[in-house]
Structure formats: C-alpha cells, structure tokens
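# Descriptive analysis of the structure
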Amino acid sequence: MIHKALWLSAASAALAAALTVSAQAQERVVNIYNWSDYIDESIITDFTKETGIKVVYDVFDSNEILETKLLAGGSGYDIVVPTHNFLVRQIEAGVYQKLDKSKLPNLSNTWDVVNERVAKFDPDNAYSVNWMWGTVGIGYNVDKVKAALGIDKVDSWDVFYKPENLAKLAGCGVYVLDSPADIIPTTLNYLGLNPESTSSEDFAKVEEALLALRPHIRKFHSSEYINALANGDICLAVGWSGDVFQARDRAAEADQGVVVDYVIPKEGAEMWFDQMAIPADAKNVDEAHEFLNYIMKPEVAAKATNYVYFANGNKASQQFIEKEILEDPAIYPDEATAQKLFTVNPYDPKTQRVVTRTWTKIVTGQ
C-alpha cells in the first residue's frame, strides 16, 4: 500500500508539474518599456481583461537609458517608446523589426498629418506607430513673468531671445533644455534661418545669439525644469510641451498659488514624436501587435490623451478627447500655428561633432 501511495503521490506531482508547465506555456505576455507617468493604468487592466495577455510594464526617464538597453541587445522588451530623433538612428542600427500591418487593422484610425511628418524619420511608417506628440516651446510662471516684464501672456520667442528681456527674468530663474538637437534648430528658426541648416556660418550665428543669453540662464537640464516650474523656483523654461503640462498640473494640485502656462511662440516651434516600436529581438511579437492594435482604438487613444494631456496621432480618437484638451491650442495647435511647426532630420556624424563642440561652448559660456 505504501508503494502504491508513493506511486500515486509521484504521479499526482508529475501531473501537477505538467499542468503548470502547460499553463506557463499558454500564458501570453507582452513586455513594455515606456516613459514614466505616461499611461492611464486602466488601459493596461482593460487590455488584459479583453485579450488575456499579461502586461509587464517598466518605465524610463531618458532616451539615453532606452538607447543603451536597445544597443546592448537582449533588452527583454516587446514594445518600446523612443522619441523620433533617437528612433531614426536606432532603425539604421537595426534594433527594430518592421511592423506586420496585416495585424494592425486599427492603423486606419491614425492621423495622416502626424504620419507624414514621422515618415521623415521612419520612411513609410514601417517600424513605428505614434504614441504622443508635442512641441518645444516656452513654459512660464504667469505671475513672475508679468512682474518682471509687465506682460500678461507670452506669445513670442522675443521673451527668451532678446537679452534685455532675459536679463529681467534672470533673477527669478531661467532653465533651458540641455538638448542641442532642439535648441539649435529653434534658434536658427528664430533668427530667420532654415532650422535644418548645417552650415558652419549659421551655427556660428546660433552660438553668438546663445552666448549673449548665457549669463542670464541659470541651468541647462532636460528634466529638472518640471519641478522647478511647478514649485515656483524658476519663472521661465524652454522645454518640451508635455513636461510643462506636467509642471502645470503639479502646480495646480499643490495649490500654492503657482500658475504655470505653456505657449507655442508665434514664430514657430519644433515638433517631437514619441513612437511605439517592436525591438528586433522581441520574444512576444504577436502580443506586441495585439497591444499596438488595441492602443489604436479611438476610445483607448483618447483615454491615454485625457490622462496625460498630450496630443496623439490618432485622428479617430478626437471625438472622444475632452473638449478642454482638444480646444487648447498649446496641445492641439490651430491650422495657422501648425503651418509654423517644423521637424529636423538628425545630424550626420561630421555635423554632430560640430554641434557638440558648439553646444559645449554655449553651455559652459566659454
């Protein structure tokens, strides 16, 4: 009897193990790596309910961190969200696989205006789908700017680029993105030059203009301005729209009397795009396509925008986006403003070296 009992026990254990292995084999999963504070978590819950696919969701806070993982290989992720100017060189490095568009029927909901601009970085939109997009503009403390400059609303890059204006704002604090790929084209555009220029003469003009401002700039940094604006520690930042909206929301939640606003200046601004792509070594490719297709449902894309207050590249979602977001020209620019938005191709290695030298001079002020 003991032997029989042992045999039955062993058989039961083997069966349980086999069932566990089978269940694990059938468990579908998708591993996603996205920017922090960038999704309504109910989207993930609803996706799993609808598809049975488990989502493992990790976050990063800089393109450099993502790029390091991708270029090292074996990132372990099935969907990642790089910004367009990083995406283009990562495509060239072979770190992504082409999308299987037959598995993405909801591509029909995407917005041709955004697709056409992204195609400059991802030809034929072969490797990526837009998650969110925005601009490089001016975030400011409404009361402090009014006190310093006597104006109720900022509408021009003059507030930043005219040294006499910036000198008046220096006391309350000015931060600028530590991003030559954004600030150099923005400066070229303000100077009436082609924002995509790579001529050494034009770069010299940018250097001269920014060195004249350098004494009045407290810091070059690509994320610290969010809290600095929200807390009232600075009065102006040249930054990414989404970051300034975060600062605006944090200031409103803190309810300490800090009012933050964002503007796309009338002279125009650079656009940025955060794109969803599937790494070449992704293990769960079918599940990745299912998630991308789910995200492109109009109601889901709208829910994402209603949570983060960023514009998305899904035209069909606009009927479900909150009115205050859709009608905010800082998020969804009107046609006249949209005509003045520009994109810039990444620099070739030779130009990049010149840009790096130029930027080092500007940041150090030497």
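Relevant structure appears above.
Residues numbered from 1 in each chain as written. Predicted model: local features only at pLDDT ≥ 70, side-chain atom pairs only at ≥ 80, totals over all residues. Heavy atoms only, no water.

If you tally the helices and strands in the protein, you get 17 helices and 10 strands. The principal-axis extents of the C-alpha atoms in the protein amount to approximately 95 × 50 × 40 Å. Each of the 366 residues in the protein was classed as buried or not, and the buried ones make up 52%. In the protein, 74% of the contacts between residues at least 6 apart in sequence involve partners at least 24 apart. Total accessible area computed for the protein in this model is approximately 16,900 Å², and 52% of it derives from carbon and sulfur atoms. (Helix = DSSP H or I, 4+ residues; strand = E, 2+ residues; numbered from the N terminus. Buried < 20%, exposed > 50% of the residue type's maximum accessible area, 1.4 Å probe, protein only. Contact = heavy atoms within 4.5 Å. Areas by Shrake-Rupley, 256 points an atom, 1.4 Å probe, with all protein chains shown as cover.)

Bringing the packing of aromatic side chains into the picture now. Under the counting rule described, the total for this entry stands at 17 aromatic pairs. Between the aromatic rings of Tyr 33 and Phe 60, the centroid separation amounts to 4.8 Å while the plane-to-plane angle is 55°, which identifies the pairing as tilted. With a gap of 27 residues between them, Tyr 33 in strand S1 (residues 29–35) and Phe 60 in strand S2 (residues 54–60) connect regions that are remote in the sequence. For the pair shown, Tyr 33 and Phe 60 are each scored as buried. On the numbers, 5.2 Å between centres and 65° between planes, the contact of Tyr 38 with Phe 310 is edge-to-face. (Phe/Tyr/Trp six-rings, centres within 6.5 Å; stacked < 30°, edge-to-face > 60°.)

The next subject is the nonpolar core. Counting residues in each nonpolar core, the largest one holds 110 residues, and the members touching the most others are Tyr 96, Trp 131, Phe 160, Leu 169, Leu 210 and Tyr 225. The element that contributes the greatest number of residues to this core is strand S4 (residues 128–141), accounting for 7 residues. Non-local contacts of Tyr 225, meaning those with residues more than four positions away in its chain, are made with Tyr 175, Leu 177, Ile 234, Ala 237, Gly 239, Trp 240, Asp 243 and Val 244. (Core = buried A, V, L, I, M, F, W, Y, C linked by side-chain atoms within 4.5 Å.)

This part takes up the pattern of salt bridges. One pass over the structure, following the stated rule, counts 13 salt bridges. Each of Arg 28, Glu 287 and Glu 290 takes part in one network of salt bridges that share partners. (Salt bridge = Lys/Arg side-chain N within 4 Å of Asp/Glu carboxyl O.)

Below, the discussion takes up the state of the cysteines. Within the structure shown, the criterion is met by 1 disulfide. One disulfide in the model links Cys 172 with Cys 235; its S-S distance is 2.0 Å. Across the S-S bond of Cys 172 and Cys 235 the torsion is about 70°, and the bridge reads as right-handed. With Cys 172 in the loop between helix H8 (163–169) and strand S5 (174–176) and Cys 235 in the loop between helix H11 (225–231) and strand S7 (236–240), this residue pair connects regions lying 63 residues apart in the sequence. For the pair Cys 172 and Cys 235, a shared accessibility class is recorded, and that class is buried. (Disulfide = S-S within 2.5 Å.)

Further remarks concern unusual backbone geometry. Even without being glycine, Asp 37 reaches a positive phi, approximately 55°. The exposure class assigned to Asp 37 is exposed, which follows from its relative accessible area of 52%. For Tyr 309, which is not glycine, the phi torsion reads 65° and is therefore positive. Along the chain, Tyr 309 falls in the loop between helix H14 (298–308) and helix H15 (323–326).

Quick look at the pairing of S7 now. Of all 5 residues in S7, 4 are buried, a share of seventy percent or more. Direction of pairing for S5 relative to S7: parallel, over a ladder of 3 bridges. When the bridges of S7 are listed, Val 176 appears paired with Val 238. (Pairing = 2+ DSSP bridges.)

Looking now at the side chain of Thr 305. Looking at the secondary structure, you find Thr 305 in helix H14. The residues contacting Thr 305, other than those within four sequence positions of it, are Met 132, Phe 310, Ala 311, Asn 312, Ile 321, Ile 325 and Tyr 332.

Worth remembering: the numbers are spatial, not functional.
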